[in-house]
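# An overview of the molecular structure
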Amino acid sequence: MKLFLADAEKCKKDGICIRECPFNLLKENTHGVPEMLSGAEAVCMRCGHCLAVCPSGAVSLAGVSPEMCEKTANEPAVDEAAVEVLLKNRRSVRVYKNKAVPRETVSRLMEMLRWAPTAKNLQPVHWLLADDKEKIREMARLTVAFLHENNVFPEIREAWEAGEDMILRSAPLIAAAYAADDALNPPTDCAIATTSLELAATAFGIGSCWAGFFMRAAKNYRPMIDFLALPEGHSVYAALMLGYPKFKYHRIPPRRKTGIRWI
Ligand SMILES: Cc1cc2nc3c(=O)[nH]c(=O)nc-3n(C[C@H](O)[C@H](O)[C@H](O)COP(=O)(O)O)c2cc1C
């Protein structure tokens, strides 16, 4: 089966798919209908832009026809005010209600994350999820052991001894983004997916906080790596604690002006 197919009957020969292809892999054939350059199949990253952009629904890619695709939203998909509210109202939540996040909600969020951008559309991000209190506690304990071994953050270790979890904040859900180390840009891909999760979760009333200490242990501490049991050659690159916020924020804290320099 050909990777790229343009239906000559439906094609309006407008050249839009040719212009849109990120790697210029398409050209007009002798009848003005687009086709893929020879040898281009190996280069195509299957981003689907040719299929997505064709106004007449003439393009199929990798066996996916226009009819099989969900329609796009009217533009813009979200208005300016809504985006501003979303970005300004997100907070790092560190105090959670003792209430589980339903797995159906987690599945819904995970489904949305499929569309986060990834370097060369490699889509290398996987998720390690934990909602078992004992397992989350063990992840926090191992992180404390890692800090102890490196003789850093004594206050976090002392808090742990006193019964306070400053690592994962006794959150009911942990989501860690992991990827193959030999992907093109796993740290960035995982960070984008994680930030997407963080923002999307707010729509479900779920708060979150990046789990930086845990991330470091998950990347560098053998007992943690063994506990997480990721596939060989994969690492955790980003992680969030998630749960229902115990407290409501009544105001938006100030932040520095965005540093901007046009060149
Ligand atoms: C990469 C990264 C790692 C972080 N790690 C932690 C962490 O381990 N524990 C924590 O309480 N907050 C962590 N944070 C949250 C930051 O402290 C927080 O984003 C910052 O104070 C601003 O607050 P806000 O997110 O509510 O605007 C992390 C944030 C990022 C981006």
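No experiment lies behind these values; they were computed from the predicted model shown. (Residues numbered from 1 in each chain as written. Predicted model: local features only at pLDDT ≥ 70, side-chain atom pairs only at ≥ 80, totals over all residues. Heavy atoms only, no water.)

A few words now on the overall build of the protein. Secondary structure assignment for the protein yields 9 helices and 8 strands. Here the C-alpha radius of gyration of the protein, 23 Å, is well above what a compact globule of 263 residues would show, namely 18 Å. Referenced to the eigenvectors of the C-alpha coordinate spread, the extents of the protein come out at roughly 75 × 45 × 45 Å. Classification of the 263 residues of the protein by burial places 37% in the buried group. When contacts within the protein are restricted to residue pairs at least 6 apart in sequence, long-range pairs at least 24 apart make up 74% of them. Split by element, the accessible area of the protein, about 16,800 Å² in all, is 53% carbon and sulfur. Charge-centre separation for the protein: the mean point of 34 positive side chains lies 6 Å from the mean point of 31 negative side chains. (Helix = DSSP H or I, 4+ residues; strand = E, 2+ residues; numbered from the N terminus. Rg over C-alpha atoms; globule rule 2.2 N^0.38 Å. Buried < 20%, exposed > 50% of the residue type's maximum accessible area, 1.4 Å probe, protein only. Contact = heavy atoms within 4.5 Å. Areas by Shrake-Rupley, 256 points an atom, 1.4 Å probe, with all protein chains shown as cover. Lys, Arg positive; Asp, Glu negative; His and termini not counted. Charge placed at Lys NZ, Arg CZ, Asp CG, Glu CD.)

This paragraph deals with the site of the ligand. Near the ligand the following residues occur: Arg90, Arg91, Ser92, Arg94, Arg169, Cys209, Trp210, Ala211, Gly212, Phe213 and Arg255. Contact between the ligand and Arg91: an oxygen atom at 2.8 Å from a side-chain N or O atom of the residue. Taking Trp210, its main chain carries an N or O atom lying 3.3 Å from a nitrogen atom of the ligand. Within the complex, 62% of the 620 Å² of free accessible area of the ligand lies under protein. Those elements that place two or more of their residues in the shell around the ligand are strand S7 (207–210) and helix H8 (212–220). The residue makeup of the shell around the ligand, split by class, is 4 nonpolar, 2 polar and 5 charged. (Near = heavy atom within 4 Å. Polar contact = N/O pair within 3.5 Å; in protein donor to acceptor, adjacent residues only side chain to side chain. Nonpolar A, V, L, I, M, F, W, Y, C, P; charged D, E, K, R; others polar.)

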